[in-house]
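As a plain string of letters, each chain reads:
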Amino acid sequence: MHRRTTAVSRRTLAKAAAGAGLAALIGARPASALSSRTIDVSVSSAALGRSAPVRLILPTGFDAQPTRTYPVLYLLHGAHDDYTSWTRETDIEAFTAGRDLIVAMPDAGPTGIPTDWRDGPDYETFQLTEVPALLARDYRASGVRAVAGVSTGGYGAMAHAARHPGLFTAAASYSGILDTMAPGVPTLMDAIVARENLAPASLWGSPILNLLTWLDFNPRSRATGLRGTALYVSQGSGLAGGTGDWLPEALESALWPSAHGFTDALALLRVPVTTHFYSGGGHSWAYWKQEFTSSWPMLARGLGVPV
């Protein structure tokens, strides 16, 4: 989307800057405005051992109702991307105008895997504890939350919801890694980590020697924790029925069994899920934008905002 540099109201930024008083508690630094509703906030995170950004889209009438609280939609980015991806690749600011919610797009590092790394940062705590504390204290966030993500962010959406039952009213995954133990997927995860010049074992250790850790962070293995959460899963078949854009289609194909293994596990547990498995497709925003729109009614119901 086009990002213009106009000021968020002075009162909003003053409250964020008053975060200097709250900084000792939540580490928030003053926000920088990207548009009338979109701001970037830097959080000094104990879980990460560094400052990390969160992009926020505030409700249209945020300053007009200073005592009102708002539900939060968390949007998670994918591998080799960053927290700006949703505003760069979609019209999410325009889409949410007038819908009375906060959109939060937290950093998940270069791999986009928002987990508690075995030898590294704890993105799970950052996204589920530190960022919500910031939003509640500075931006009047309520306790109502939904989460959605693409690729490794789709993994994050389902892993967060499964590992923390009841924290989210709804969760959506678009081409997510939903069964980390499916054939070929551990190798794929290792490749994602290695591409960022990180040791593969720094994620969860060895999938053989540290099997219990891998299972603990696997959405399929934790699927029972999703009972009561509205769910949406979409996945393309990639090369089978594709158009010849071989790399994104090959990535999509590689995750097809993982998505089916995850939804099959939900079926055995009798946990409802809305699925969209489609022929062809690629691991790209061209498809994820459509899938977000398709999942929006479910997310909106979970957040209690207009469809």
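Structural data are supplied above this passage.
For the structure given in this document, a descriptive report is provided here.

Thresholds, definitions, all that
Here the residue index of a chain counts from 1 through its sequence in written order. Selection of residues for local features in this predicted model requires a pLDDT of at least 70, selection of side-chain atom pairs for listing and counting requires 80 or more, and totals for whole chains, interfaces and linings are taken over all residues. Excluding hydrogens and water, the side-chain figures rest on all heavy atoms present in the structure. Two strands qualify as a pair provided DSSP detects at least 2 bridges between them. By the criteria applied, helices consist of DSSP H or I runs no shorter than four residues and strands consist of E runs no shorter than two, each listed in order from the N terminus. When checking whether two residues touch, look at their non-hydrogen atoms; a contact exists if any pair is within 4.5 Å. Here an angle of 0 to 180 degrees is reported between the N-to-C directions of two axes, which are lines fitted to C-alpha atoms, with helices fitted over the stretch in contact. The salt bridge definition used is simple: a Lys or Arg side-chain nitrogen within 4 Å of an Asp or Glu carboxyl oxygen. Think of it in three bands: with a 1.4 Å probe and only protein chains considered, a residue is buried below 20% of the maximum accessible area for its type, exposed above 50%, and partly exposed in between. Each residue after the first adds 1.5 Å to the expected span of a helix. We define the bend at any residue as the angle between the axes fitted to the seven residues before and including it, ending there, and the seven starting there. Nitrogen and oxygen atoms within 3.5 Å of one another constitute a polar contact, given that in protein one can donate a hydrogen and the other can accept it, and given that sequence-neighbouring residues count only through two side-chain atoms. Definition of nonpolar core: a set of buried residues of the types Ala, Val, Leu, Ile, Met, Phe, Trp, Tyr and Cys, connected through side-chain atoms within 4.5 Å. Working definition: a ring pair exists when centres of Phe, Tyr or Trp rings (six-membered ring for Trp) sit within 6.5 Å. Plane angles under 30 degrees give stacked, over 60 give edge-to-face, the rest tilted.

## Section: the sheet that holds strand S8 (residues 230-236)
The nine strands lie next to each other as S1-S2-S3-S5-S4-S6-S7-S8-S9, forming an open sheet whose pairing is mixed. What marks the edges here is a single partner per strand, and that holds for strand S1 (32-33) and strand S9 (274-278). The pairing of strand S7 (residues 170-174) with S8 spans five bridges and is classified as parallel. What sits directly across from Ala172, in S8, is Tyr232. Contacts from helix H6 (residues 152-163) reach strand S4 (70-76), strand S6 (141-150), S7 and S8 within the one sheet, and its direction differs from that of S6 by about 140°.

## Structural notes on the pattern of salt bridges
Evaluation of the coordinates by the stated rule reveals ten salt bridges. Between Arg163 and Glu124 there is a salt bridge, with the nearest N and O atoms lying 2.6 Å from each other. Residue Arg163 is located in helix H6, and its partner Glu124 is located in helix H5 (residues 123-138); the two are separated by 39 residues in the primary sequence. The class for Arg163 is buried, based on a relative accessible area of 17%. Look at Glu124 and you get buried, because its relative accessible area is 8%. The salt bridge partner of Asp179 is Arg220, with a shortest N-O separation of 3.1 Å. Taken together, the positions of Asp179 in the loop between S7 and helix H7 (185-195) and Arg220 in the loop between helix H9 (211-216) and S8 put the pair 41 residues apart, joining distant regions of the chain. On the basis of relative accessible area, Asp179 is assigned to the buried category, the value being 5%. In the salt-bridge network here, residues are joined through shared partners; they are Asp81, Asp82, Arg88 and Glu89.

## Let's talk about H5
Count 3.6 residues to each turn of an α-helix, and residues three or four apart come out pointing the same way. Its 16 residues give H5 an end-to-end C-alpha distance of 21 Å, which sits within 8% of 22 Å, the value for a rise of 1.5 Å per residue. Of all bends in H5, the biggest is about 25°, found at Val131, and the proline Pro132 comes one to four residues later. For H5, the complete set of buried residues consists of Tyr123, Glu124, Phe126, Gln127, Leu128, Glu130, Val131, Pro132, Leu134, Leu135 and Asp138. Two or three places before Glu124, at the opening of H5, Asp122 has a side-chain oxygen 3.3 Å from that residue's backbone nitrogen.

## Details of the nonpolar core
By size, the foremost hydrophobic cluster in this structure holds 55 residues, and its most contacted members are Ile113, Leu135, Tyr139 and Leu226. Setting aside its immediate chain neighbours within four residues, Leu135 contacts Leu56, Val72, Tyr74, Ala104, Arg140 and Ala141. Within the second largest apolar cluster, 25 residues are counted, among which are Trp288, Trp296, Met298 and Ala300.

## Considerations on unusual backbone geometry
Within the chain, Ser175 stands out as a residue other than glycine whose phi angle is a positive 55°. One non-glycine residue, Arg270, adopts positive backbone phi at about 60°. Inspection of the secondary structure puts Arg270 in the loop between helix H10 (246-269) and S9.

## Quick look at the packing of aromatic side chains
Within a pair of aromatic rings, the relevant descriptors are the distance that separates the centres and the angle that separates the planes. Using the criterion set out here, one finds 16 aromatic pairs in the structure. Look at Tyr74 and Phe168: their rings are 6.1 Å apart centre to centre, the planes differ by 85°, and that puts the pair in the edge-to-face class. You can see Tyr74 sitting in strand S4 and its partner Phe168 sitting in the loop between H6 and S7, a full 94 residues away along the chain. Residue Tyr74 is classed as buried on the basis of its relative accessible area, which comes to 4%. On the basis of relative accessible area, Phe168 is assigned to the buried category, the value being 4%.

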